[in-house]
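# Architecture at a glance
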Amino acid sequence: MKKYLKLALCCMMVAAMAIMAGCGGSSEKKAEAPKKVLKVGMECAYAPYNWSQTSAEGGAVKIAGSNEYAYGYDVMIAKKLADSMGATLEVHKIEWDGLPPAVVSGKIDAAIAGMSITSKRKETVDFTKPYYYATVVALVKKDSAQAKAKSVADLKGSVATSQLNTIWYDQIDQVPDVKKLPAIDTVPGMIVALKSGKCNLIVTDIPTAKAAAFANPELVMVEFPEGKGFKTSREDVEIGIAVKKGNKELTDAMNKVLGSMTEADFNKIMDEAIKKQPLAK
């Protein structure tokens, strides 16, 4: 009888241990899938679209592989897009000319960098819907003859330049008898050229001109009446996000967000970026 009792107790203990082991296993949490990362490239030197700063102040995002942080209109838009996709935003600082190749190679998922949607660029990358509309204007010194111009024709004989590989540089040719200097790599570089007297005209877009004038009281943006300004095509003023050709999933996800926003929404965010740019402080 004792043998049977011992055997029964032993079986009960084994069963209890099995139940406990089973309960313990079911309580263990499954490993969570890693959060998606949205890798975005920009110059981080093109205020108010994007710039570098030393802290996360205002909502700036750390630049990958750097102790600096990126902020500006492009970062504000990129954060909205990443949040909508449940992704973590990762900003990569890349020179302007290196942005399309970085998209093509897969180094970054997208270039959000104030890039015009041109036919030439569409040969190598796809674009989202526009995330900004940028009218082309003149940036000049307040005390210059160019500041009194009422039309592009009035800029006759100016010494002009703009940023390398932009549609702005091509627009310079519309100025009569213009002396066209070589293009400059960065926006800060072309502003220095204007302030130092190397040139007396910069052709750029409204956000860049507004930001430069906001930060430099001696500069002024000159915007012309309809029909008297720079002649531009639709692709000249539509600013889009470059993605790898065929990446329909990412393009559609971004377009869903951008399509729900209006031009007034874009302008409101841009005005905020202009006020927050480092030189404005």
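Preceding this section is the structure that the text describes.
In this report, we go over the structure that sits alongside the text. (Residues numbered from 1 in each chain as written. Predicted model: local features only at pLDDT ≥ 70, side-chain atom pairs only at ≥ 80, totals over all residues. Heavy atoms only, no water.)

Before going further, it helps to spend a moment on the overall build of the chain. A count of helical and extended segments in the chain gives 9 helices and 14 strands. In the chain, buried positions account for 45% of the 281 residues. Long-range pairs, those at least 24 residues apart, make up 70% of the contacts in the chain with a sequence separation of at least 6. Here the chain displays about 14900 Å² of accessible surface, and carbon together with sulfur accounts for 57% of that area. (Helix = DSSP H or I, 4+ residues; strand = E, 2+ residues; numbered from the N terminus. Buried < 20%, exposed > 50% of the residue type's maximum accessible area, 1.4 Å probe, protein only. Contact = heavy atoms within 4.5 Å. Areas by Shrake-Rupley, 256 points an atom, 1.4 Å probe, with all protein chains shown as cover.)

Take the environment of Thr128 next. Within the secondary structure, Thr128 is located in the loop between β7 (125-127) and β8 (132-133). The buried category is assigned to Thr128, whose relative accessible area is 5%. For the pair formed by Thr128 and Leu250, sequence separation is 122 residues and the distance between their alpha carbons is 9.2 Å. With residues up to four places along the chain from it excluded, the contact list for Thr128 reads Ile117, Gly240, Ile241, Thr251, Met254, Asn255 and Leu258.

Moving on to the pattern of salt bridges. Inspection of the entire model under this criterion finds 8 salt bridges. As a salt-bridge pair, Glu68 and Lys93 come within 3.7 Å of each other at their nearest N and O atoms. Of the two residues, Glu68 is situated in the loop between β3 (61-62) and β4 (69-71) and Lys93 in strand β5 (residues 87-93); the sequence distance between them amounts to 25 residues. A relative accessible area of 45% means that Lys93 is categorised as partly exposed. The shortest N-O distance in the salt bridge between Lys248 and Asp252 comes to 2.7 Å. One end of the pair is Lys248 and the other is Asp252, both in helix α8 (residues 248-258) and 4 residues apart, which spans about a single turn. (Salt bridge = Lys/Arg side-chain N within 4 Å of Asp/Glu carboxyl O.)

What follows covers the sheet that holds strand β2 (residues 51-53). One open sheet holds the 3 strands; their spatial order is β2-β4-β3, and the pairing between them is antiparallel. Taken across any chain shown, the strands that pair with only one partner, and hence form the sheet edges, are β2 and β3. Bridge analysis of β3 against β4 gives 2 bridges, and the strand direction is antiparallel. Within β4, the residue paired with Lys62 across the bridge is Tyr69. (Pairing = 2+ DSSP bridges.)

What follows covers the pairing of strand β12 (residues 201-205). A regular strand places its side chains so that they alternate between the two faces of the sheet. Counting buried positions along β12 yields 5 of 5 residues, so the element is predominantly enclosed. Neither face of β12 is open: one carries Leu201, Val203 and Asp205, the other Ile202 and Thr204, and all of them are buried. Judged from the 4 bridges that link them, strand β9 (residues 136-141) and β12 form a sheet pairing that is antiparallel. Residue pairing for β12: Val136 is matched across the bridge by Asp205. Bridge analysis of strand β10 (residues 159-161) against β12 gives 2 bridges, and the strand direction is parallel. If you follow Ala160 over to β12, its bridge partner there is Leu201.

The 5 strands are arranged β11-β10-β12-β9-β13 in an open sheet whose pairing can be described as mixed. This sheet does not close on itself; its edge strands, each paired only once, are β11 (179-180) and β13 (219-222).

Here the structure, examined in full by the defined rule, presents 1 cavity of 30 Å³ or more. A volume near 60 Å³ is recorded for the largest cavity. Lining the largest cavity are Tyr46, Trp96, Gly114, Ser116, Arg121, Ala134, Thr166, Ile167, Trp168, Asp205, Asp236 and Ile239. Among the elements of the structure, β6 (110-116) and α4 (167-171) are those that each provide at least two residues to the lining of the largest cavity. Each residue belonging to the lining of the largest cavity can be placed in one class, and the counts come to 6 nonpolar, 3 polar and 3 charged. (1 Å grid on protein atoms, 1.4 Å probe; cavity = no way out; pocket = protein on both sides within 12 Å on 5 of 7 lines; lining within 4 Å. Points joined across faces, edges and corners; volume = space filled by probe spheres on them. Nonpolar A, V, L, I, M, F, W, Y, C, P; charged D, E, K, R; others polar.)

These figures capture arrangement, not role.
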